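Coordinate inspection notes
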Amino acid sequence: MYFGVDIEPYGDDYPGNFIQADLISPFEDTKNPETNLPFSGTIADIAWVSWPCEAYSSLSATHYGSKEEALKQNHRIPDAFREFLLENHAHYVIENVPGATRVGDLDANCRVNGLAFREPYDVTRHFETTFDIPDAYIQGNPDLAIDTRGDQSVTELAEAKDIPEAWSGNKQAVRSAIPWQYVWWVLGHCPALEIPIPKTQNRSVAEWGDGVGQYLRHPDDRLGGTDHGSDDELGDGPRGETI
């Protein structure tokens, strides 16, 4: 099974179980960190996190007047959140725009773009994972450019990404949606899952230097320091316990 969590009420559109909850504020409360979590004792094979990108987007730097102000005014990826993921999940994936890697908030060990899968768009995304995974990234000029500053139609982009027609009226949703090839590429390399890996023109480009991948976990140590197994049921009891 799988379920999604978001502070916005996406339950009607989400293709699975959905929990509306705030997973950011509890980790920004310095006096009572990690309190009031919406669920506890949840053990999963993997957690996929698409952290809000407003702090790291180039558009935010323009909107707020500088990169520094954009970082100050928006949610950044905290280490406390990583610790929560490490304690409660066998593996995790944190996805974001390249800017999160450049400022050091994302320990990205993989980058993916559409050109690697022979798609007409670039849409580069970086991933921090607890497992080894090569890049799926090809440099080049995409046939389909994305202009977020203008009134560009997103119909072609929606079709290229295989996005449901019902989303076509929401330009931001179409632009920010992660293509299915990216998801399968990343999850297909996770040792906790059995998912086919899509074909790609991939060539590995490791150029982020020392320290990258410090959260890697190997299959024999998938669950880190937890006392749970990957098939434990979801629980609503005290943190760390299942029922």
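Notes on the structure in this doc start here. (Residues numbered from 1 in each chain as written. Predicted model: local features only at pLDDT ≥ 70, side-chain atom pairs only at ≥ 80, totals over all residues. Heavy atoms only, no water.)

**Digging into the side chain of threonine 101**
You can see threonine 101 is positioned in helix 4 (residues 98-102). With relative accessibility at 13%, the residue threonine 101 sits in the buried group. (Helix = DSSP H or I, 4+ residues; strand = E, 2+ residues; numbered from the N terminus. Buried < 20%, exposed > 50% of the residue type's maximum accessible area, 1.4 Å probe, protein only.)

**Focus: the environment of glycine 140**
Within the secondary structure, glycine 140 sits in the loop between strand 6 (125-129) and helix 5 (155-160). Residues glycine 140 and alanine 116, spaced 24 residues apart in sequence, show a C-alpha to C-alpha distance of 9.6 Å.

**Some remarks on the sheet that holds strand 3 (residues 47-50)**
Strands sit in the order 3-4-6-5 across an open sheet of 4 strands; the sheet is mixed. Each of the sheet's edge strands pairs with one partner strand only, and the pair in question is strand 3 and strand 5 (110-112). Put simply, the sheet's adjacent strands are angled 25° from each other on average, direction ignored. Examined bridge by bridge, strand 5 and strand 6 share 3 bridges and lie antiparallel to one another. Considered in strand 6, the bridge of cysteine 110 is made with phenylalanine 127. Sheet strands in contact with helix 3 (residues 79-88) are strand 3, strand 4 (92-96) and strand 6, and its direction is about 145° off that of strand 4. Where helix 7 (residues 180-188) meets the sheet, it contacts strand 3, strand 4, strand 5 and strand 6, and its direction lies at approximately 25° from that of strand 6. (Pairing = 2+ DSSP bridges. Axes fitted to C-alpha atoms, helices over the stretch in contact; angles between N-to-C directions. Contact = heavy atoms within 4.5 Å.)

**Some remarks on the packing of aromatic side chains**
Here a ring pair, both rings aromatic, is described through the centre-centre distance and the interplanar angle of the planes. In total, this model carries 10 aromatic pairs according to the counting rule given. Look at tyrosine 14 and phenylalanine 18: their rings are 5.8 Å apart centre to centre, the planes differ by 45°, and that puts the pair in the tilted class. With relative accessibility at 23%, the residue phenylalanine 18 sits in the partly exposed group. Both rings, one in tryptophan 48 and one in phenylalanine 127, keep their centres 5.8 Å apart while their planes meet at 65°; by these two values the pair is edge-to-face. Placement of the pair is tryptophan 48 in strand 3 and phenylalanine 127 in strand 6, with a sequence separation of 79 residues. Among the aromatic residues, ring-to-ring pairing joins Phe27, Trp51, Phe81 and Phe84 into one connected group. The ring of tyrosine 137 carries arginine 111 above its face, with NZ or CZ at 4.0 Å from the centroid. (Phe/Tyr/Trp six-rings, centres within 6.5 Å; stacked < 30°, edge-to-face > 60°. Lys NZ or Arg CZ within 6 Å of the ring centre and 35° of its normal.)

**What about the pattern of salt bridges?**
Any two side chains of opposite charge can pair, given that their charged atoms come close. What the rule picks out here adds up to 5 salt bridges. With a shortest N-O distance of 3.6 Å, glutamate 95 and arginine 125 are connected by a salt bridge. On the criterion of sequence distance, the pair formed by glutamate 95 in strand 4 and arginine 125 in strand 6 is long-range, its members being 30 residues apart. Grouping residues by exposure puts glutamate 95 and arginine 125 together as buried. The residue arginine 111 makes a salt bridge to aspartate 135 at a minimum N-O spacing of 3.9 Å. With arginine 111 in strand 5 and aspartate 135 in the loop between strand 6 and helix 5, the pair connects residues that are 24 residues apart, well separated along the chain. Judged by relative accessible area, which is 3%, aspartate 135 ranks as buried. (Salt bridge = Lys/Arg side-chain N within 4 Å of Asp/Glu carboxyl O.)

**Some words on the environment of glutamate 68**
Structurally, glutamate 68 is set in helix 2 (residues 67-73). Note: C-alpha distance between glutamate 68 and alanine 55 (13 residues apart in sequence) is 9.0 Å.

**Points about the side chain of asparagine 88**
On the secondary structure map, asparagine 88 appears in helix 3. Polar contacts involving the side chain of asparagine 88 include one to the main-chain carbonyl oxygen of phenylalanine 84, which spans 2.9 Å. (Polar contact = N/O pair within 3.5 Å; in protein donor to acceptor, adjacent residues only side chain to side chain.)

**Side note on the layout of surface pockets**
Over the atoms, a rolled probe matching the size of one water molecule traces out where space is still vacant. There is about 150 Å³ of room inside the second largest pocket. Considering the residues around the second largest pocket, the lining is formed by Ala55, Tyr56, Ser57, Ser58, Ala61, Lys67, Leu71, Gly99, Arg102 and Val103. When contributions to the lining of the second largest pocket are tallied by element, the ones reaching two or more residues are helix 1 (58-64), helix 2 and helix 4. By residue class, the composition of the lining of the second largest pocket is 5 nonpolar, 3 polar and 2 charged. (1 Å grid on protein atoms, 1.4 Å probe; cavity = no way out; pocket = protein on both sides within 12 Å on 5 of 7 lines; lining within 4 Å. Points joined across faces, edges and corners; volume = space filled by probe spheres on them. Nonpolar A, V, L, I, M, F, W, Y, C, P; charged D, E, K, R; others polar.)

**Some words on the nonpolar core**
Grouped together as the largest cluster of nonpolar side chains are 27 residues, with contacts concentrated most on Val112, Phe117, Phe127, Phe131, Tyr182, Trp185 and Val186. When residues of this core are traced back to their parent elements, those giving at least two are strand 5, helix 5 and helix 7. Here this core takes 4 residues from helix 7, the largest share from any one element. If you look at the next biggest cluster of nonpolar residues, it comprises 19 residues, including Phe27, Trp51, Tyr56 and Ala108. (Core = buried A, V, L, I, M, F, W, Y, C linked by side-chain atoms within 4.5 Å.)

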